[in-house]
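A look at the structure
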Amino acid sequence: MSYLYGGKILRVNLSRREARFVPTDRYASKYIGGRGTNARILYESVDVDTDPLGLENVVCFGTGPLSGTTFPGCSRTDVMCKSPVTNLIGNASVGGDWSAELKYAGWDHVVLEGKAEHPVYVDIHNDAVQIRDARALWGLTTYEAHEAIRNELGPDVKIIGIGPAGERMVTFATIHSNIGNSASRTGVGAVMGSKNVKAIAVRGTQGVGIADPKAFLEASLRAHNTIRASKYYEEFHTIGLTLYEKACILSGLEGGGDGHANVPPSFDERFDYYSMFEKHCYKRTGCTGCPVHCMEAYHVGGLGSTVMSCELYPQLSYEIRNADPYFHYWLVMTCQKMGIDSVSTATIFQWLMELWELGIIDSTITGGINLEWGNKDGVKELFLRIIGSDGIGAVVAKGMKETADYIDARVPLDRRYDKSSYWWAMQVNNNPMYGVNPRMHGMALAYAVGRRSDCIQDLDMVEVDIANFPVYPEMSEDEKKRLTDEEKALAERVSGKIGAGDLDGYQGKAEMTHDQGITTGLPDMMGTCKWHTKWLFMDIEPENYAEALSAGTGREVGVQELITASLRLRNVERVLECKMGRRRENDTIPEKEFGRPVARGFWKGKIGTDRKEFERMKDEYYALRGWDAKTGIPTVETLLQYGLDDMVEDLPGRGGFGERRPVSEGDDAKLPDLDGKKERDGGSRETKTATR
Ligand code: SF4
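Overview of the structure.

Attention shifts here to unusual backbone geometry. In this structure, Thr 186 takes a positive phi of about 65 degrees despite not being glycine. Along the chain, the position of Thr 186 falls in the loop between β11 (182-183) and α6 (188-194). Of note, His 293 is a non-glycine position whose phi angle comes to about 45 degrees, a positive value. Summarising the element assignment, His 293 is placed in the loop between β13 (281-285) and β14 (295-300).

Laid out in structure tokens, this is it:
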């Protein structure tokens, strides 16, 4: 195998207790690595009939060519499987030190197949692979299990694994690394749990081959310096996103939907993440080889230790109107210990609390739990029941659609305003959305067309910047104006459209989302971090990757080659998604979000997503992607353009796809009333529907 790669993909068949290897170069030249190779392996492994929690599903863990090198952020692992949440592609990324170690052990990917007879963990020590008994670890938290494995194998072992939520196949369970970071979205932890795998432990003593070490080191140094010179580096490297997330609240981006529409603005002042940071953060932390270290390590006496960053701040606090910072802290810490996604948890709680406020659910539905906004006892009780899959918790653990079906079967239609309770669920293809508002136009498009049905990682964050600057804490008025102007100019440059930075317009959003999709694909394939790219306002460009790959492999790698690989990757994913049932009509946001303005904050009443314009943005986006405007399926020409000739026969009209199954759990007949006419016409219960 060439430089920068371990050269082998490890396939572990748990049912047969067998390990075998596949050469990486079967995939690397076309798909590079990480998410690229994972997508192709998944495409070859699963089908429309594959039960996400059944024997036939696989879980792919992918490093990339830059994993374990001196390139910044060299230790992100892409995780992919069929999702138990969406029935589409499940995908998430976990940071820490595992990915680099896997490369040092000589492996580029690990693929778990089948199901172990009893709980096990996989122990990889260079070429030696063992399936070890994990019955004694089953039931332990992620913290405890990692500690127990370290005691067994030694302090240097690097581990990723699940907690009790994954063992019980809670559909929004996560996979955690040593540092508290996790692959959180789309239920990847549940799939690992369905295979009876508690963890994968790795020890590696091999290096990474580099063709031209001096040139590679120079390329790495340039990339480190580029990150350090980026606009947000100093802030994210010192106080993380404590102020940034506050800006999202004040601008009205956070708290999607209308859940908080009637809460007075003074309520927002109660969320002060910076004070908590000042009091309890004892060090910065993050992934191997990262100059940013975007995470904060906290310790609170009497509660314990955890890691905070990014969306962990507003999700289980502001989103559910929980203004107690220590209860918020306990929830985040418990999510990490139990291995459960805090974003999904918060969005599901927000939905249930809104249903409670509307009078749609009460304690007869929740098993006696009071779900009034901000009720700590109620949140704690339901949270523990979800993790324990106990009573109503076992229903909620299956996800939003299953929960809506449960509610609808027990609550008369008129009490539900003649709708399914799913109507109020902030989800895309059943995946609970981030809290960030889909009433922003670019955000709506990115949520709808993103690879994993919620994907704010396909959003060009320039839009978020422009929305946040007017209210950014501790920023002068001059600076707010200067930065806003800069971002608007950037939006026009990226999209080639005048006015692309206008939040109330639709022009240029498709181009920006398309461009961001390409950008996001690159670090995902390289094994590095998308935070270092323009996705989170840092300046790593395709040129940086091309330079490093050229020096590392000894083969001239051009920017266009990488961009083509990223476009190819998204088409592999899209064909697979379409094969699993996804079509244009699934590329959407909750129907209730259309035609309503942002409900609070600085942008209150000023922006909203119009349905017709949204569909027009999709037309533009599909044209850029080379996807059929009517169906959203990649065209034959597109597949041929990206060298995916063997996938053509999978397309409908070419004998492929066969029977179409509905996306996500449940059947189409049970889908909620999605036209919203009655609601928009005034609804039937004036006080509570006024804003809904
Ligand atoms: S920016 Fe954060 S998530 Fe990305 S590599 Fe660095 S520490 Fe990890």
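This next bit is on the site of the ligand. For the ligand, the full set of nearby residues is Arg 76, Gly 286, Cys 287, Cys 290, Val 292, His 293, Cys 294, Met 295, Cys 529, Trp 531 and His 532. Each residue belonging to the shell around the ligand can be placed in one class, and the counts come to 7 nonpolar, 3 polar and 1 charged. Looking at the shell around the ligand, you find at least three residues from each of domain 2 (257-280 + 291-298 + 308-338 + 346-393 + 400-416) and domain 3 (441-648).

Within the secondary structure layout, His 328 lies in helix α12 (residues 325-338). A relative accessible area of 5% places His 328 in the buried class. Of note is the side chain of His 328, whose polar atom sits 3.0 Å from the backbone oxygen of Tyr 313. The contacts of His 328, once residues within four sequence positions are left out, are Tyr 273, Met 308, Leu 312, Tyr 313, Leu 316, Ser 317 and Asn 322.

Looking now at the pattern of salt bridges. Opposite charge on two side chains permits them to pair, given that their charged atoms come into close proximity. Tallied over the entire structure, the rule returns 55 salt bridges. The shortest N-O distance in the salt bridge between Arg 451 and Asp 524 comes to 3.7 Å. Taken as a pair, Arg 451 in the loop between α18 (441-449) and α19 (462-468) and Asp 524 in helix α21 (residues 509-526) lie far apart in primary sequence, 73 residues in all. Each member of the pair Arg 451 and Asp 524 is classed as buried. Look at the salt bridges and you will find they share partners, linking Arg 35, Arg 451, Asp 524, Lys 530, Arg 570, Glu 573, Arg 574, Glu 577, Arg 582 and Asp 587 into a network.

Right, let's get into the side chain of Thr 63. With respect to the secondary-structure elements, Thr 63 resides in the loop between β3 (59-62) and β4 (77-82). Apart from residues lying up to four places away in sequence, Thr 63 is in contact with Gly 33, Gly 34, Ser 99, Leu 102, Lys 103, Trp 107, Asp 108 and His 109.

Most of strand β1 (residues 8-13) is tucked away, with 6 of its 6 residues classed as buried. The side-chain alternation of β1 yields two buried faces, one formed by Lys 8, Leu 10 and Val 12 and the other by Ile 9, Arg 11 and Asn 13. Direction of pairing for β1 relative to strand β2 (residues 18-23): antiparallel, over a ladder of 6 bridges. What sits directly across from Asn 13, in β2, is Glu 18. Examined bridge by bridge, β1 and strand β6 (residues 109-113) share 5 bridges and lie parallel to one another. Across the sheet, the residue bridging to Ile 9 is His 109, located in β6.

The rules behind these values
Residues numbered from 1 in each chain as written. Predicted model: local features only at pLDDT ≥ 70, side-chain atom pairs only at ≥ 80, totals over all residues. Heavy atoms only, no water. Helix = DSSP H or I, 4+ residues; strand = E, 2+ residues; numbered from the N terminus. Near = heavy atom within 4 Å. Nonpolar A, V, L, I, M, F, W, Y, C, P; charged D, E, K, R; others polar. Domains from an automatic or database assignment. Buried < 20%, exposed > 50% of the residue type's maximum accessible area, 1.4 Å probe, protein only. Polar contact = N/O pair within 3.5 Å; in protein donor to acceptor, adjacent residues only side chain to side chain. Contact = heavy atoms within 4.5 Å. Salt bridge = Lys/Arg side-chain N within 4 Å of Asp/Glu carboxyl O. Pairing = 2+ DSSP bridges.

Interpretation note: all reported values are geometric properties and have no functional meaning in isolation.
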